[in-house]
Every structure is written in structure tokens, then in C-alpha cells.
Number of protein chains: 2
Amino acid sequence: MTSCVLGEMIKRNLITLFVIIGGTLWLAETVSAAGGEHGGLEPFVLLGVAVILVAAKIVGEVFERLGQPSVLGELVAGIILGNLVLFGFSGAEALKTNVVIAALAELGVIILLFEVGLESNLKEMKAVGISAMLVAIVGVIFPFFLGWGVARFFIPDEATLGHIFIGATLCATSIGITARVLKDMGKLGTNEARIILGAAVIDDVLGMLILAVVSGAIKAAASGTTLAVVDVVIIAAKAIGFLIAGILLGQFIVPYLFRGANRFTGRGVLLAVSLSLCFFMSWAASKVGLAPIIGAFAAGLILDEVHFEHLDDHTKHDLEHLLSPVSSILAPVFFVVVGLKVDLSVFARPELLGFATALTLAAIVGKQVCSVAALEKGLNRLSIGLGMIPRGEVGLIFAGIGATLMLPDAQGVTQPVINSATFGVVVIMVIVTTLITPPALKWSMAGSKR
Amino acid sequence: MTSCVLGEMIKRNLITLFVIIGGTLWLAETVSAAGGEHGGLEPFVLLGVAVILVAAKIVGEVFERLGQPSVLGELVAGIILGNLVLFGFSGAEALKTNVVIAALAELGVIILLFEVGLESNLKEMKAVGISAMLVAIVGVIFPFFLGWGVARFFIPDEATLGHIFIGATLCATSIGITARVLKDMGKLGTNEARIILGAAVIDDVLGMLILAVVSGAIKAAASGTTLAVVDVVIIAAKAIGFLIAGILLGQFIVPYLFRGANRFTGRGVLLAVSLSLCFFMSWAASKVGLAPIIGAFAAGLILDEVHFEHLDDHTKHDLEHLLSPVSSILAPVFFVVVGLKVDLSVFARPELLGFATALTLAAIVGKQVCSVAALEKGLNRLSIGLGMIPRGEVGLIFAGIGATLMLPDAQGVTQPVINSATFGVVVIMVIVTTLITPPALKWSMAGSKR
């Protein structure tokens, strides 16, 4: 019988013994050489994602209890993680530079915008199309010239094309932050939300055109020539031509695609086919130089019109229902990663603060003007203006491209169009516009009645 | 009024115009220089994931209609994609080597095993613990010695430690394939499934120990010494000591973790905290040299015992419900990526086919013996044996480690323990064991009554 008792003890503890593996960071370090790596994923990524998710949910919860949007909490969680000097395992630096975590973050914002597209109604968006177009145009022109002027005032020694480039970094609204706040507040169905989202899509297109033209002009100037008007027209025509061709083909293909998918019976076909379309259009958008999220948003808008009644057992949970868990995990990764990139030490460079303050004001004020351009009556114009403020990753990407372009300055010395000081200024502008939008928008959408 | 008609036309087409972006692969190539890259994600990944998902669902559907498990279809979809010589965009090679796609695949199998752990019942698994342990031990010993013998027969000139290493590649069952088939068939609740899953976890641990010991012996031999028994004991004691320490800490921490999470109100807290635990334990498992999926399976088993009644609005959809969409997207990515790695040209090397056939038979026969060791009566022992067959990525990883270890052969020439020919043999063994398991297991679980 003792063997039976022993057997029982072993039984009770055996699986448990092999079952709970984790829990001891320090012990792990001491035995990490015991075996080989399994598979292609760095184990650090698993730990990093776990830390990001826990931090996002904890700080997000704190902000929600303070009456702030949880997305702001996620940004702050990222800032805290990114600026912790004594960050144990492998350091925050690895979180910032890891390519897989960056990819998960980008997939997160792509899926978020796909979700926002699904919740937006194409017909209702078309109804505010003219307003969105006007808001976008005004919202590109004003910040562009304001930024140009600010740059001319603060760095007069740089070449004029450098000033123009800084103006270009202020053009495109970062749709992710605004979309998330509107979504969390359940305001995606309002006219204001439709105008903001439509305008943000259009101003990304306009921003891309400006970037292409200014970059072309700088490359021409660097080789001692100037950009001909015909080149500008060609750049613009190529991108717009691609968009139109994409539309025509997309309108034919998507209904067939889903008519085919309707015949499938396997698990998860609806989600897989929808996400494939989302990823495909994101890829196509990036191929014409647009942000992938614009393609994802567009894919969501198209699918909103397609019906899936006879798809499979999972149909009773519709697509938005299936997407929700995916996006509730990946979208916070994006916002934490955006926060990670915020190096608080740029705020400690007093020589840049004047320029940064002026550029940030230009970014904010420039977009407030655009709300006047909306045609509909009874709009909450303040919310439209506030919703267009965040520049997020698009501004950073523009600045990053500027850092790779060389140009002779007023003294004829060849320099990058965006040097490290100017880059810091753009980063501050991006941080401030990103951080003020969630609380400002929440306040204006909930409180003001104008 | 013409301006109004024009306005109407613009209105109708404006948003549509900026909305459908994709659809034209060739056009995209011609304008890809127009703008800059947005963000850190290579756009190719988006296209690659879209292609993988569509291929997985199409071929999976075909196989299901033929009465085969869809996972086999996903493997075949990967083999087709990976061996298409005329594969348009950027080639299949990029799909195989892209680090982000590899990471998504690994996250897919991690989440799948987490899901399987959640569906498994810890108490019921403990009830078959002794059987699982015995099945695992027999299922490691027989293939190990059979593989050793086969290697000794076919490559007698290699060093004995090389033969032993090949035996080691046959030890560990790849739990992913079997778990997926059992899950798709709704058989996770059977005693056979519990024994297979328990034994697969344990034989990964045993396989890891054998790998560590054999690798240690090879390193010692390469430096002209032999491995002392005390070193073997230290290697084993370290890993097992870590497991026990992990258990004790895990049992204390997890209930507190979820008691804390219960107080949160934000969106997706349940899923985020659960996945964080899953990723954390996967990371911890990899730190002691186990496959991350073992940690994920363990995390699922633990959480099965924790209750979340008061968590948030989403509680009515329990955790399995929230995980289902995530895993229905990522798990197929894993199986397609496994298929991608299958280079069909290894089958065209006749000089290896004898060795490969013998090693594959050793792998299959060796695991059939283990089913006799299960104690319970009335078991479908054939299914247990068949379920233990697939070696999958664990065998490939062992072979990959062998390729980095150097050893003098019988003539005293220093060579890698696993050279490219032997690696090809191991790859064939992995392919065949992976491909035959789904249909064999489906047939034996559904059909046989023995």
C-alpha cells in the first residue's frame, strides 16, 4: 500500500510538476544555457509582449479611472517603459528596436483601422465627402505654411527647401489616435467622426503627394537642377492613377471574393478572408507610398457593404465580434510602442524648446482652422479641429525621410534636410500633439454643446 | 445646377476614390518609388500573411471536403507555396526566411497549445499522469535506441556520439500537429488525448535532457575529455530544479494575478492578462531549454482552474471564446510555415532514401511500442501510438543544433555531428511523420473500435 500512496503522490504532483514552468526571472538566467533554442522566435519577444500587455492594461485602467481615455494610459505606459533606466531583463532598448514587436505594433494599428473602417458606414461617409475634402485641404495648407514660416524664423540659415520640408511634416493627421478615442467613446457614428476620418484619409494622400514633390525638388536641387512642373504632375498622376485603377478592380473583385468564401465551411474562413483583404490593401497602399493603415481603413469600409449571411457557424458572431479580441490585444501593443519611442530627454534641450513650442502651436492652430471648412450645420467644429491634431508616426516618418535627404544650406555646405536638432523638434511636436488629443477630444466630444 | 450635379458626382466617388487602394500587383510595382515607407513593418509581410491565410483556407477546405483534417491541407498549402518555382512577388524564399512571418507562426502554435491547455482538464490529466509518464519514457527509449541502431547501420564511419545524436532527434513528440487534429475532431476530452498530451509534454522534457547530455558529451569529446557522470546529473538537476521552483512560485502568483485582474474594468483585460501569462510561461520554458509551446500548454492548464466571474462585460464570452478568433488566424500561419520549409528536392536524393526510410520507420515503430505502457483499460492504444508519431519542429531544431556541433569521425577528421546529408534524412523523417499523423489519427480515432 505504501507504493500506492507514493503512486498517488506522484500522480498528484507529476503533471503539476511539468506544468508550471515560469515565474522565476533570476533562476531562468542561470540555466538558460541548458538547452537549445526552439524555433525562430526570440524568446525575448514573448516576455516583451507580456510586459507590454500587462503595462498597457494596468496604466490604461488607471487612466480610465481618472476619466481619461485608456489609449492615453497605454501611451504613458510606453513612455514609462521606454524611459526606465533600470529596466531589468535585456533593457527597454530591446523593446524599442525589436523588429517583431515593431511588426506586431504595426499589425495592431492596421487591424484597429480595419475595425474602424468596418464600423464606419460608406454611404454616410460619402454624404460628408465634400466637407471631408475641404477640411483635409484646409488642414494641409495651413499647417504646411505655418510650419514653413516657423522654420524660416527659427532656422533662417537653412535652405528654403528645408523650411518647406518641415512644413510638410505637419500635413498628415495620424488617424490612429483619433480613431481609437472616437471608437472607445462610441462616437464613430457621428458626423464629426465621419468628417475627421474622411479628412484624415485624404490628408494622408495629400501629405504623400507633398512629400513626393518636396523630396523630388530636394533631390533635383542636390544635383544642381530644379524640379520641372511636368515631374510634379507625373508624381501626382501616378499615385492618383493607381488609386483609381485600384478602385475599379477592387469593386469588381471583392464581391466575387466573398461570394467564393461564402461556399467555405471551415473554421475561421470569414475572419481569415477579411483580414487577408485588409492586409492585401494595406500592402497595396504602402506600395503607392501611402500609410498601410489607409489601405486597412479602406478595406474595412468596403467590407461594411458586403454581406456574409451564409458563411459558416461563426456567422452569428459577425466580423466585428471576431475582430474585437484580436484588436484588443494588438492595438495596445501599438500605442505602447509609440510611447516607447518618446525619449523624454529631448525636453531637456532648452535651445530647441522655443522652436519646438512654435512648431507644435503651428501644428495645433493650423488644424483648428480647417474645421471652418466643413459644410454641415450644427457640427461640433471644435471636435473636428481637435481630432485632426495628432501627427503620430506619419510626422516621424516624414522627418526620418528628411534625415536621409542632403541639401546645401545658405552657406553652400551640404547637410541633411532634417538634422538631429530639427528631428528632436519634430519629435516634440509629435509627442505633444499625440498626448493632448485624447483628453482634449474626450472633453470636447462629451462636454461642449456649441 | 450643373455644379450641383458635378458636386453630386464628386461626392459619390470622392471617398470611394480614396478608399479602394489595392488590387493591382503590377501597377504597384511601377509606382513603388513614389513615396516613403511608413513604419517598421516590411510591406511584404502584409502581402505574405494575406497569401498564407488565403492558401491555408482554400487548401484546408479542399482537404476537409475530402474527409481529411484541415491541418493537413494547411501543411500541403505550405508545401505548394514553398516549392512553387514561379512564385510571383518577391518569391517563396522571402516567405520562408522572413523573421516576422516566422514569429507570427510561432505565436500561432503557442496560442494553439495555450488553447489546448485551456480545453484540457488538469484534474483529469493528473488521473492519467502515471500512464502519460510511462508512455513518455517508453516513447523516448525505443525511438532513441532504434535511431541509434539505424544510424550505426547506415553511417558506420561516423563517431558513436553522432549515432547517439541521431537517436536523440527521434525522442520528442511534436505536440502541435496531434493537438490540432484532436481539437478539430472534438476529442480533447478523451483519455487517449490526455495521455498523448501529457506524454508529449513529458517527452519534450526528457528529450531536452537527452539533448543537453549528448551535446555536453560531444563538446567534451571534441576537447578530448569525456563527460563525467556528475556533469550529467548537474544538467538534469538544474532543469528539474527550475521546473519545481517555477511550480511553487506559479501556484502562489497566478491566483493573486487574476484576483487583481478581476478588479479591472477596461476592454480586453481577461484576454490580455491570460495571454501575458501564456507568453511569460512560454518565455520561461524556452529559458530552461524547453519548447516555448510547453510553457503555453502549462499556462492553459493552470488557467483552466482559475475562475473569472466578475471580470468585465466580455465575461459572458469566456476565454476560449475570445481566443478562438486569434488562434483561427495564427495557427494556420504556423502550419503553412511548417509546410513551406519542406523542400521536396530532398526526396530526389536516392542515396539517402534507404537511410531516410529506415529512420522514419524507427520513428514510427518506436512510438507504437509506448502505447503498451498505458495503464488504463479499454484504451484505443493504436491512437495513442499514432498520436505520438509527429516529430515536427523539435526534431528539426535538434538536427540544427547537431549541425553546429563538431566531432572527429572514425578516421579522426573533425566534422559536424549532423552533416547536410544526415540533415536531409532527418528532414524527410520529420516530413513523413508530420504528414501521416493527421489522416492516420483521424482514421484511428473515428474508425477503429479495438
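Residues numbered from 1 in each chain as written. Chains lettered and ligands numbered in written order. Predicted model: local features only at pLDDT ≥ 70, side-chain atom pairs only at ≥ 80, totals over all residues.

(A) A look at the overall build of chain A. Across its full length, chain A holds 19 helices and two strands. Here chain A holds 450 residues, and the buried ones make up 57% of them. When contacts within chain A are restricted to residue pairs at least 6 apart in sequence, long-range pairs at least 24 apart make up 79% of them. (Helix = DSSP H or I, 4+ residues; strand = E, 2+ residues; numbered from the N terminus. Buried ≥ 20, exposed ≤ 12 C-beta atoms within 10 Å, placed from the backbone. Contact = placed C-beta atoms within 7 Å.)

(B) Broad picture of the environment of Ala237 of chain B. Among the secondary structure elements, Ala237 of chain B is positioned in helix H12 (residues 229-261). Along the chain, Ala237 of chain B and Leu209 of chain B lie 28 residues apart, while their C-alpha atoms are 9.7 Å from each other.

(C) Looking closely at helix H9 (residues 160-169) of chain A. The buried fraction of H9 of chain A is high, at eight of ten residues. All of the buried residues in H9 of chain A are Gly162, His163, Ile164, Phe165, Ile166, Gly167, Ala168 and Thr169 of chain A.

(D) Focus on the packing of helix H8 (residues 129-154) of chain A against helix H11 (residues 191-222) of chain A. Residue and element names in this part refer to chain A. At a closest axis distance of 8 Å, the pairing of H8 and H11 adopts a crossing angle of 45°. By the criterion of interaxial angle, the relationship of H8 to H11 is oblique. Crossing handedness for the pair H8 and H11: right-handed. Contact with H8, carried on its side by Gly129, Ser131, Ala132, Met133, Val135, Ala136, Gly139, Val140 and Phe144, involves Ile195, Gly198, Ala199, Ile202, Asp203, Leu206, Gly207 and Ile210 of H11 and no other residues of that element. A class-by-class count of the residues in the contact of H8 with H11 yields eleven nonpolar, five polar and one charged. (Axes fitted to C-alpha atoms, helices over the stretch in contact; angles between N-to-C directions. Parallel < 35°, antiparallel > 145°, perpendicular 65-115°, else oblique. Left-handed = near helix turned anticlockwise from the far one by under 90°. Nonpolar A, V, L, I, M, F, W, Y, C, P; charged D, E, K, R; others polar.)

(E) Focus on helix H3 (residues 43-65) of chain A. Residues and elements named next belong to chain A. Counted at 1.5 Å a residue, the expected span for H3 with its 23 residues is 33 Å, and the 34 Å between its end C-alpha atoms agrees. Along H3, 17 of the 23 residues are buried, which leaves the element largely enclosed by surrounding structure. At the C-terminal side of H3, Gly67 shows a positive phi close to 80°. (Expected span 1.5 Å × (residues − 1).)

(F) Representation of the confidence of the model for chain A within the structure. Residue and element names in this part refer to chain A. Summing up the model confidence of chain A, the mean pLDDT is 75 and the portion of residues at 70 or higher is 78%. Counting contacts from residues 1-39, a segment whose pLDDT is below 50, to residues more than four positions away or on other chains yields 90 contacts. A low-confidence stretch, residues 309-317 stays under pLDDT 50, and its non-local contacts, those more than four residues away or across chains, total 15 contacts. The ipTM, which scores confidence in the relative placement of chains, is 0.73 for this predicted complex, and the corresponding pTM is 0.75. (pLDDT = per-residue confidence, 0-100.)

(G) Structural view of the packing of helix H4 (residues 70-83) of chain A against helix H19 (residues 420-446) of chain A. Residues and elements named next belong to chain A. Where H4 meets H19, the closest approach of the two axes is 9 Å, and the angle between their N-to-C directions is 155°. Relative to H19, H4 is oriented roughly antiparallel. The way H4 lies across H19 gives a crossing that is left-handed. Here Val71, Leu72 and Leu75 of H4 lie close against H19, whose contacting residues are Thr434, Leu435, Pro438 and Pro439.

(H) Molecular detail of the nonpolar core. Leu113 of chain A together with Leu113 of chain B are the most contacted members of the largest nonpolar core, which has 304 residues in total. Ignoring sequence-local partners within four residues, the contact set of Leu113 of chain B consists of Ile175, Gly176, Ala179, Ile293, Ala296, Phe297 and Gly300 of chain B. (Core = buried A, V, L, I, M, F, W, Y, C linked by C-beta atoms within 7 Å.)

(I) Spatial organisation of the environment of Thr178 of chain A. All names here are of chain A. With respect to the helices and strands, the residue Thr178 is situated in helix H10 (residues 175-184). Given 26 C-beta atoms within 10 Å, Thr178 falls into the buried group. Between the C-alpha atom of Thr178 and that of Glu351, which follows or precedes it by 173 residues, the distance is 31 Å.

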